[in-house]
Structures are given as structure tokens and as C-alpha cells.
Amino acid sequence: MIYSLLAAGLIAVNGGMFTLMIPMLVYLLAGFLFSTDEIRLEAARRLSAERISPHAETVVTVTIINRGASLEEVLIEDVLPDDLQVASNHCRHLIRLPRDSSYTFSYSVTGPRGGYGFEKVRATVKDRLGVTSREVRLEARGQLFIFPPVTRLRHVTIHPRRTKVYAGTIPARAGGAGTDFFGVREYQPGDAPRSINWRASAHSEDALYSNEFQQERVSDVGIVLDGRIRTNEFAKGHSLFEHSVQAAAALADALLLQGNRVGLLVYAAFLRWTYPGYGRVQRERILYSLAHAKPGGSEVFSGLEHLPTRLFPPESQIILVSPLHEDDWMPLVQLRAQGYQVLVVSPDPVRFELSYLQKTGNVALAARVLHLERKLLLQKVQRAGIQVLDWDVSIPFDLAVKRKLSRPPAWMRAVGR
Amino acid sequence: MVLSIIVGSVSLAYGYFEAGLDAPARWVVSMGMIWLLAHWRKLYWFSSFAFFLMLFTAAYGVWMELPTAWMLLGALGGLLGWDLSDFARRLQYAAPTDDIQGLERRHLARAGIVALLGGGLAYLSLVIQVRRLAFEAAVGLILLAAWGVTRLVMRLRKY
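Residues numbered from 1 in each chain as written. Chains lettered and ligands numbered in written order. Predicted model: local features only at pLDDT ≥ 70, side-chain atom pairs only at ≥ 80, totals over all residues.

Moving on: the domain arrangement of chain B. You can read the domains of chain B as domain 1 (2-128) and domain 2 (133-159). A C-alpha centroid distance of 25 Å is found between domain 1 of chain B and domain 2 of chain B. (Domains from an automatic or database assignment.)

And the structure:
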């Protein structure tokens, strides 16, 4: 516009045009004179908690320090990772930052399960009149993990064919020290007198017999979390995946508490493998992996036939958490044939879909057909010697496990139930 | 901001009205009203367009040899209106807990000083008139002004 006025003034030989130009020139000149060449801002970030549960809140505190010249107008904006939301206060502030001063602001964020990385704080610096604008990105890293909720399970009964040498809670199919009766064998020196089976010994004239109990040991357990879109995602954005993640977290927690060596494989668009391990550190690793787990689809992993069985020790326990697809039957049978003990925890997709669909005659009929198909599939799987927990997700997972997978009390085991 | 828009558009309209150009005067007043309405509806993009129109109207008025003082006041009002509208847009990003009043106070003071200085210098240029200036000197001054403006704009573009 200044150039236009200049040109117009020259063409029209009119000094008035130059007069109109003067206020704008003064304005630009003032902006230029008051602009800051040197911007030396530093940022620091602190999170009140780095690991929270879904939709809980954590307070993010950001401090901006000005080491350079006085800044008259600074727009500070903390760049939030996708999916995180500000729950209270604000992550954007318009401030004046004098030389060698600092400004601290706090806000709380919340979000769904996931791993989030805070990286930069954006600062837009304007001069006194707002003529010049400079944007700088200040490094202020932080991490937030929103872990899936872990439901405490009292006991998960599994029966792998092979156990490890350490004492645990899984029946080892071998005689020794334990609680459950295993068999009777000839007395050996060193056997406790109270282990002598007097009734059996009475049948023999020259030998004593001792009771043997089943050894209880730990085992290798591989949890496979099915994250395929074709099995987890449904119409209108509904997904069973969060339930599957919750089940996997609860199972991993319970099995690790029992002393087992647990690994996790997330089977989605790609494979995410958490190497087997023991204890609390492994629990953290698995929860970390579950926090990052996302459903995905790929041509390669659309079926379970590409499940990398070599990751799991031979004859160990595999727990597949999957809503199951009708094509999954054969790969499961093959797993069983390879000697793995397989347990399928299957969130029921039919009941899940039915819970949010309108109750019409057609829906009811379709649900009935699908329910029969699913029942047939589960029966086929069970007939192959695979243990199945059909989980209606409207029922809490711990309750479903208690009904199907918990160890019966000692008196019930004693009477053979 | 409202005051600067009203002063700017009314000055321009008065300048045109005084010269007997009623229709352009009414258009200028209407434009001022639309600008106010746009600001109320938070259509901040309109302020740049309105400023351009006001400046164009002022330049046209000067070319038509209407009173330059009124045209200058109109352009100055437009400039202030545009600046304050942009500032209002920036203030939208502030959190309610920020010192908005302090920012407003300081910006108004600065914009006021710059407007007074710009207006004063422009008025001086109207009052002080060099009776005799050699053609070569005039061309030299104009070239110098163009070079200065170019340097200024280039420097500002860095930001």
C-alpha cells in the first residue's frame, strides 16, 4: 500500500499522497525499531505423574525463562500430543516477559490409553506493535503413559504340558512336594513318616508305601493379544479392543504374580513382542506395551496362520485374547497340534454389538444366527482340546475368570469336582 | 477500536460530503458500519480489507483534491482500527487468567503514541511546503524514500 501511494503520488504529482503514506511509515518504523533480534527463551516441563490410568488427570507444569531482551507480547502454547485433552486450566497464554524473568503455568491433561511424548513449547514473539512476529519452538520433553486398568484376578488356572524347575502354583504332572494327591510309590529313605500311606502298606508284608503329591511349578506363558481390525472393530466406531487389552493386562498381572515367566505378543498391523520375563519389571514392560497397543490391519496378519510360534517355548501355555474370526479355528488347532496348551479368552462380539444396536426384529434374528455360528466355532475349538473362556464384556472380567478359570477350593478338589 | 473506526469513516465521509459527493460519503459510512459489525461478529479478516478500502478512498479523495486533512484523519483511523482489530484477534488466544488488561493498556498507549507521531508528522508535511525544489533533488529524494521503504520492508519480512 505504501508503494501504491508512492507511485500514485509520483504519477499524479500530488504531495497529499505522500502525506497519507507518513503514518504508515511511522507505524512500520516503530515496529522495526522495537523488534527484538535476540530471542533467548528456555522451557522446562514437569508432570505430576508419568503413569496414570485412562481418563485420570495429570498436572503439567511448564516454566518459560527469558534470558534475552524484554519481550512485550509472547504467545506461549504447549503443543499437546494427539488424543490428549486439557481437563482444566489452559495450555496457551499471552504474556509479557521482561528480561531475566520467568513465567510458570500449569494445566491438567487427560486422555485414553496410550504412550504420549511431550516435545516442544511453541512461543510466538511479537514486537510492541505486533508488526513483526517470530515463532520459536522450545525443547521441553516429557512422557506420559496411560496404562490400561489392571483388574486383579485371584487365581488363573492353566495346565501347560511343560513347567520350569522353580516352585510355583501350576501343577507339574510330576510327583514331589505339593498339596494335591498325585499317587502312591514305594517308601524311600528320607520320606516323612506322615507321608506313609498306611492303608496301602497294610496290603504288603515287606514294603511300605508313601503318598506322593503333585509338584507345583512355574511355567512359560505367552499372551497373544489379537489387535486385528477385522475381529475388533465394529460399526459406528465401536471396538472390542479396549476390552481385549484389559483382559490381557489382568491375565499378565495375575500370571506374573503367580511367579510365571510371561511374554506378550500384540498381533495387529505388525507384531509387537515383549520378551518373556518374571516379576514387577516384566509387568511394567507388558503394561508399557499394552499402553502402545493399537488395532491395525494388514494383508500378512489378517489371519492367525502367521502367528510366530517360535517365540514361545515348546509345550508352553499360550493364551490368545481374541474375539475370534471363523477362519481362526484351523490355526488354533495347529497350535494345539504343535504341543502348546492353548487357552482362548474371547470377548463376545455378538453380545457386544447387540448392546448398542436398536432392538428390532431383524437385529434379534441376525444376532441369533451369529450367536449360533459363534457357539459352533467355540465348540469346534473346544473339541480340539483348547480351553475357551467366552467373555460377555458386560460382565466384569474378574467375575468371568472366577467362574471359568479360578482354582476350585481344596475341599472341592478333594471330592474330585 | 470502535472510536478509531468511527472517527476514520466519519472524517472521510465528511470530506466527501463537504465536496458535495453525497453517495461516496454514504458508502464510506456504510463501510464503517459493516466493519464494526464484522468486528462484533469476530470476522477479523475483514479489518485488512476495510483498511485497504479506507486508504483507497482517502487516496482517491486526495486525488480529487478534497481536503487532505480529512483524508489523512480517515487513513489514520483506518490504520488504528486495523491495528486494534488485529490486537483483539491476538487477545483471543489469551487465557482468562492472563493479564489482559495490562496488555491492552500498554498496546493502546503505544498505538496512540505512534498514531499521534504519524499524524503529527503528516500534518507538518501539509503545513511546511518547500516552495522551490530542483527537479533533480526531488527525484533524488523520491529514490531515497523508495530505497528506505524497501530496506524497511525487507528487514520486517525477516520476521
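Attention now goes to the interface of chain B and chain A. When the parts of a complex come together, some accessible area is lost, and that lost area is often taken as the interface size. At the junction of the two partners, chain B supplies 41 residues and chain A supplies 40 residues. By residue number, the principal contributor to the side of chain B that touches chain A is helix 5 (residues 100-127) of chain B, which donates twelve residues. Tallied by class, the residues present in the side of chain B that touches chain A amount to 31 nonpolar, four polar and six charged. (Contact = placed C-beta atoms within 7 Å. Helix = DSSP H or I, 4+ residues; strand = E, 2+ residues; numbered from the N terminus. Nonpolar A, V, L, I, M, F, W, Y, C, P; charged D, E, K, R; others polar.)

Before going further, it helps to spend a moment on the sheet that holds strand 13 (residues 261-267) of chain A. Residue and element names in this part refer to chain A. With mixed pairing, the six strands of this open sheet are ordered in space as 14-13-12-15-16-17. Edge strands, defined here as strands with exactly one partner in the open sheet, are strand 14 (271-277) and strand 17 (387-391). Direction aside, neighbouring strands of the sheet carry axes that sit 15° apart on average. Of the strand pairs in this sheet, strand 12 (residues 220-226) and strand 13 are connected by seven bridges, and their pairing is parallel. Note on strand 13: the bridge partner recorded for D226 is Y267. (Pairing = 2+ DSSP bridges. Axes fitted to C-alpha atoms, helices over the stretch in contact; angles between N-to-C directions.)

Our next topic: the environment of P54 of chain A. Residue and element names in this part refer to chain A. Its place among the elements puts P54 in the loop between strand 2 (51-52) and strand 3 (58-66). We classify P54 as partly exposed; it has 16 C-beta atoms within 10 Å. Taking C-alpha positions, P54 is 8.5 Å from G114, a pair spaced 60 residues apart along the chain. Excluding its chain neighbours within four sequence positions, the residues that come into contact with P54 are P112, R113, I146 and P149. (Buried ≥ 20, exposed ≤ 12 C-beta atoms within 10 Å, placed from the backbone.)

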